[in-house]
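Below, each chain spelled out in residue letters.
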Amino acid sequence: MSVRNLLKGSAGPTDNDSRFLLDVHSRQLPGESTMSRYDESVEVDLVVVGAGAGGSVLAQRLARRGWRVVIIEAGPFWHPDDDWVSDEAGSHGLYWTQNRIIGGSDPIELGKNNSGRGVGGSMVHYAGYTPRFHPSDFATFSRDGVGADWPISYDDLLPHYEQVERELPVAGQNWPWGHPHSYPFSPHPVSEAAGKVWRGARARGIEMRVGPVGIVNGTFGNRPHCIYRGYCLQGCKVNAKASPYVTHLPDALAHAVEIRSGCMASRVELDERGRATGVVYLEEAGGPEHLQRAAFVAIAGYSIETPRLLLSSTSRRFPDGLGNDHDQVGRYVMVQGATQTAGRWPEELRMYKSPPPEISSEDFYETDLSRGFARGFSIQTVSPLPIGWAEHVLADGHWGAALREYMRDYNHWATVGVLNELLAQPENRVTLASQTDQYGLPVARMDYTLCDNDKANIAYSTTVTTDILKAAGAQDVLTIKRFAHLIGGARMGSSPASSVVDANQRLWGVPNLFLADGSVCPTQGSANPALTIMALASRLAARMADGSAMSDDPEARAGRPPRQVANAQE
Amino acid sequence: MLDRDKGEHLPNLRPDRRPPHPSWLPRQRRGTTPQMIGRYPDFDVLDAVDTWDPATKKVVLARLEPAGPLRFFGPEEEPALRALCDVTTAQDREPRVPVAELVDAKLADGELDGFQYADMPDDRDTWHLVLAGLDHSARDRYARSFARCTVEEQQDVVRDLSQGALSGGTWDSLNVRRAWSVCMRAILAGFYSHPWAWNEIGFGGPAYPRGYMRTGPTSVLEPFETPGATAEDAAQAVADNPEVFG
Ligand SMILES: Cc1cc2nc3c(=O)[nH]c(=O)nc-3n(C[C@H](O)[C@H](O)[C@H](O)COP(=O)(O)OP(=O)(O)OC[C@H]3O[C@@H](n4cnc5c(N)ncnc54)[C@H](O)[C@@H]3O)c2cc1C
Ligand code: SF4
């Protein structure tokens, strides 16, 4: 028995007391009323834009090292007992519903499907899957001739993956794919609906495993066990599901971080020497501009808002937007194909019980050229609630009486989804639109067009999931083609000509500005991104704390040639 | 009687790919469903209200309050709006989920979805244009407004709307297929946010702080356990149960 198995469930994370700071009887992030407040004219050590996955981890880590940190967050400071509801339509306020323009040949529908707005960021209503990327994801260009190589490798993130997995904490079976590893918490029980998918996969020789999910399964400080109520995408009112709101921000507030919520960052201010002096923000539409001064600035607004903020921050030095000398800002934004296929059985399954994320497979993650395309996809169960199920039925072409008939059949269905790795392309990009938001700031426009490899991947994966359902005896099958997860848009790389930040996530051309969110990822693999975004922020924090992230040594900035950690399959 | 277990009621499995007339369904005995039909005649999700948290209770029960009046749509648009909501959700008589009012409230409150297609106007403008377009197409085909058409005529127009196959009038300033998805997003979110619709489909509803304890019987074997011996032919059992032995 390995030491990690021996310690399953008992070894808590170090250097993070969030789980003990929460109150057993309330869902409130503790410390709002006693939070440190910094005078905006005083230069703090770090100002972070965005209290989401990346921004919160960075703030928590550096606050522990004594940095004075202010987080500027556009959305509200949640009071979950009052603000969050166990209801689909009533959760509208959780999402980033400010306007965005979508274009290209395959426009990506945003809103509730892609990003959040408020303290805790998008993870407040993410599903909860927390897989790691595979080692191969960091070098898809040299391995498969597609996508891009990262300036860092899996090795660089490994200790941070392990630390964040203990902090969330992640529950799941031992993981055989990518770099094989185990999880700190045991797998959750599996519902009848996921059981159908499980058996179908086994009949087809496809390995599925339970998890990995950032959902408490057992005792974890003051965070309760999951109650299997299935509303993870509406915000967990139980505090069982991980999000920075419960995993990092309690500890951050206890270490003197200030979260300035309801404040929309409008640009980054530069001084004569080209250093960032702070972040300009608006507290209300039409109100005065505020400037929070800081020695270092980190932007963590996610893949659409981070490029938008950079593009909006124009100056004499950067007329086309901050760090945009080479027209790289906003490019190579990515989503994942997320087609969902549902199967029907005679008996009731009631898929709405249990968290939507239950079991997954990475058997198809790596390139197998016999399939006719590069890279691959993962398979994961999901379980739409009634409005989500209605959208699924509609997408298969049913409305009126036919839709009502399928809806009445809801309890007989189980759903399995895929995540296809879609390739980074320069024309898939975020730009500024002519429309403005309530603050008068230009909104983002996101263009997306699938390439042939993307289309072949999506088509192939749908045949696999349909086959799994049929193998499990599904009588009828309904499919919805959709997309999920954002990444990229300000990617890290080895040279300013092909990237926005260096191997330390520091902006080319501005010495004290870092990006700390999902926008820096050059590829996305077929894994859900949140764990990797947190691990990247954790690594960045360690390097900012010891000063290595500020290195001007060209080799350090370019990163090292990827040292390959072998994938399990090799 | 249709065989529910075989799925004989499912449009995709029927020779004409059309749904059966809802008269095969039992009448609701407990609680309310839209049109008093459903598959769970003795289920009323509202019986569980005392297991919901106060914030959720407030949001959900507000949907049962008397709906309207319309704030976003004008009186001249109301007939087409109601006809569209009825025909897309097959609500042909009372009791109805007040879909028109739920859509109206969302648009009046500016609750938009956070994206706008580059070739489309703001969702609010799209709604005005769609309702005008429905009347245009109905007049064009049947010489009367959309609301005055028979249900079959309305269905014909809506079928073309769903396939992006309408043109002329305001349709020419819209991507028609996308306009359909804009409208249906709001209509379905309204209909399936209503507890009566949950009764119809047997959905358990809000589940906090109660949660669920019976999530399914599959989790009997741990990954390291194997099934016990039985009287049947072992070789046959292995062949029959590849998912257990494979
Ligand atoms: C429905 C759904 C399901 C998902 N499921 C999964 C899953 O199962 N597993 C997984 O790994 N991932 C999942 N994701 C994705 C995951 O939540 C995100 O990838 C992750 O949270 C992104 O982290 P981030 O730090 O880059 O940005 P976020 O967490 O989105 O944080 C960005 C924050 O910045 C704020 N902000 C933006 N611009 C400004 C500005 N100008 N001024 C001030 N504040 C600003 C925003 O309000 C937001 O709070 C899901 C997402 C959604 C929407
Ligand atoms: S299913 Fe579990 S993790 Fe998801 S919202 Fe409910 S209690 Fe939270």
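Refer to the structure printed above.
Residues numbered from 1 in each chain as written. Chains lettered and ligands numbered in written order. Predicted model: local features only at pLDDT ≥ 70, side-chain atom pairs only at ≥ 80, totals over all residues. Heavy atoms only, no water.

## Digging into the site of ligand 2
Argument step 1. The environment of ligand 2 is made up of Ile 215, Cys 226, Ile 227, Tyr 228, Arg 229, Gly 230, Tyr 231, Cys 232, Cys 236, Val 238, Lys 241 and Pro 355 of chain A.
Argument step 2. By residue class, the composition of the shell around ligand 2 is nine nonpolar, one polar and two charged. (Near = heavy atom within 4 Å. Nonpolar A, V, L, I, M, F, W, Y, C, P; charged D, E, K, R; others polar.)

## Section: the site of ligand 1
Residue and element names in this part refer to chain A.
Argument step 1. Not every one of the 39 residues close to ligand 1 is listed here, only the nearest: Glu 73, Ser 122, Tyr 129, Tyr 302 and Ala 530.
Argument step 2. Taking Gly 118, its main chain carries an N or O atom lying 3.1 Å from an oxygen atom of ligand 1.
Argument step 3. In this structure, Gly 128 approaches ligand 1 through a main-chain N or O atom, which is 3.1 Å from an oxygen atom.
Argument step 4. Considered on its own, ligand 1 offers 1,000 Å² of accessible surface; in the complex 97% of this is hidden by protein.
Argument step 5. Counting only elements with at least two residues in the shell around ligand 1, the list comes to α3 (53-64), β6 (264-270), α10 (302-312) and α14 (530-545).
Argument step 6. Classifying every residue of the shell around ligand 1 by side-chain character gives 18 nonpolar, 16 polar and five charged. (Polar contact = N/O pair within 3.5 Å; in protein donor to acceptor, adjacent residues only side chain to side chain. Areas by Shrake-Rupley, 256 points an atom, 1.4 Å probe, with all protein chains shown as cover. Helix = DSSP H or I, 4+ residues; strand = E, 2+ residues; numbered from the N terminus.)

## Notes on the side chain of Ser 115 of chain A
Residue and element names in this part refer to chain A.
Argument step 1. With respect to the helices, strands and loops of the structure, Ser 115 is situated in the loop between β3 (101-103) and α5 (140-144).
Argument step 2. We classify Ser 115 as buried; its relative accessible area is 3%.
Argument step 3. Every residue in contact with Ser 115, bar those within four places of it in the chain, is listed here: Tyr 95, Trp 96, Arg 100, Ser 122, His 125 and Tyr 302. (Buried < 20%, exposed > 50% of the residue type's maximum accessible area, 1.4 Å probe, protein only. Contact = heavy atoms within 4.5 Å.)

## Here's the deal with the nonpolar core
Argument step 1. Counting residues in hydrophobic clusters, the biggest one holds 178 residues, and the most contacted among them are Leu 310 of chain A together with Trp 127 and Tyr 192 of chain B.
Argument step 2. Per-element tally for this core: the top contributor is helix α6 (residues 176-191) of chain B, with 11 residues.
Argument step 3. Formed by 37 residues, the second largest nonpolar core is a distinct cluster that contains Leu 46, Val 48, Val 124 and Ala 516 of chain A. (Core = buried A, V, L, I, M, F, W, Y, C linked by side-chain atoms within 4.5 Å.)

## Some thoughts on unusual backbone geometry
Argument step 1. Looking along the chain, the bond that leaves Gly 211 of chain A and enters Pro 212 of chain A is cis, with omega of -5 degrees.
Argument step 2. Summarising the element assignment, Pro 212 of chain A is placed in the loop between β4 (209-210) and α8 (244-247).
Argument step 3. Glu 94 of chain B connects to Pro 95 of chain B through a cis peptide bond whose omega is -5 degrees.
Argument step 4. Its place among the elements puts Pro 95 of chain B in the loop between α2 (78-89) and α3 (99-108).
Argument step 5. In this structure, His 485 of chain A is a non-glycine residue whose phi angle is positive, near 65 degrees.

## A few points about the interface of chain A and chain B
Argument step 1. With 74 residues of chain A at the contact, the number on the chain B side is 76 residues.
Argument step 2. Between chain A and chain B the total buried area reaches about 5,800 Å² when both faces are included, carbon and sulfur atoms providing 57% of it.
Argument step 3. At the boundary of chain A and chain B, one finds six salt bridges.
Argument step 4. Joining chain A to chain B, the criterion identifies 36 residue pairs in polar contact (both at pLDDT 80 or more).
Argument step 5. Every element with two or more residues in the side of chain A that touches chain B is listed here: α4 (80-83), β3, α7 (192-203), α11 (386-395), α12 (400-408) and β16 (477-480) of chain A.
Argument step 6. Pairing geometry for β3 of chain A and strand β1 (residues 116-117) of chain B, over two bridges, is parallel. If you follow Ile 102 of chain A over to β1 of chain B, its bridge partner there is Tyr 117 of chain B. (Buried area = accessible area lost by both parts, 1.4 Å probe. Salt bridge = Lys/Arg side-chain N within 4 Å of Asp/Glu carboxyl O. Pairing = 2+ DSSP bridges.)

## Topic: α3 of chain A
Residue and element names in this part refer to chain A.
Argument step 1. For α3, which comprises 12 residues, the first-to-last C-alpha distance of 17 Å matches the rise-based estimate of 16 Å (1.5 Å per residue) to within 8%.
Argument step 2. Within α3, 11 of the 12 residues are buried, which leaves the element mostly enclosed by the surrounding structure.
Argument step 3. Where α3 ends, the next residue or the one after it, Gly 66, has phi of about 95 degrees, a positive value. (Expected span 1.5 Å × (residues − 1).)

## A closer look at the pattern of salt bridges
Argument step 1. In total, this model carries 58 salt bridges over all chains according to the counting rule given.
Argument step 2. Among the ionic pairs, Arg 96 of chain B bridges to Glu 94 of chain B, the shortest N-O distance being 2.9 Å.
Argument step 3. Look at Arg 96 of chain B and you get partly exposed, because its relative accessible area is 24%.
Argument step 4. On the basis of relative accessible area, Glu 94 of chain B is assigned to the exposed category, the value being 56%.
Argument step 5. The shortest N-O distance in the salt bridge between Lys 106 of chain B and Asp 113 of chain B comes to 3.0 Å. Here Lys 106 of chain B and Asp 113 of chain B have matching classes, each one buried.
Argument step 6. Within this structure, Glu 109 of chain A together with Lys 106, Asp 113, Asp 123 and Arg 185 of chain B form a network of salt bridges that share partners.

## A closer look at the packing of aromatic side chains
Argument step 1. One pass over the full model with this rule turns up 28 aromatic pairs over all chains.
Argument step 2. Aromatic pair Trp 198 of chain B and Phe 203 of chain B: ring centres 5.7 Å apart, planes at 80 degrees, arrangement edge-to-face. Each member of the pair Trp 198 of chain B and Phe 203 of chain B is classed as buried.
Argument step 3. Sitting above the plane of the Phe 220 of chain A ring, Arg 19 of chain A keeps its charged end 5.3 Å from the centroid. (Phe/Tyr/Trp six-rings, centres within 6.5 Å; stacked < 30°, edge-to-face > 60°. Lys NZ or Arg CZ within 6 Å of the ring centre and 35° of its normal.)

## Describing the pairing of strand β9 (residues 334-337) of chain A
Residues and elements named next belong to chain A.
Argument step 1. Direction of pairing for β9 relative to strand β17 (residues 483-487): antiparallel, over a ladder of four bridges. When the sheet's bridge partners are listed, Val 335 is paired in β17 with Leu 486.
Argument step 2. Direction of pairing for β9 relative to strand β13 (residues 413-421): antiparallel, over a ladder of two bridges. Looking at the pairing, Gly 337 lines up with Asn 420 of β13.

Keep in mind these values describe shape, not function.
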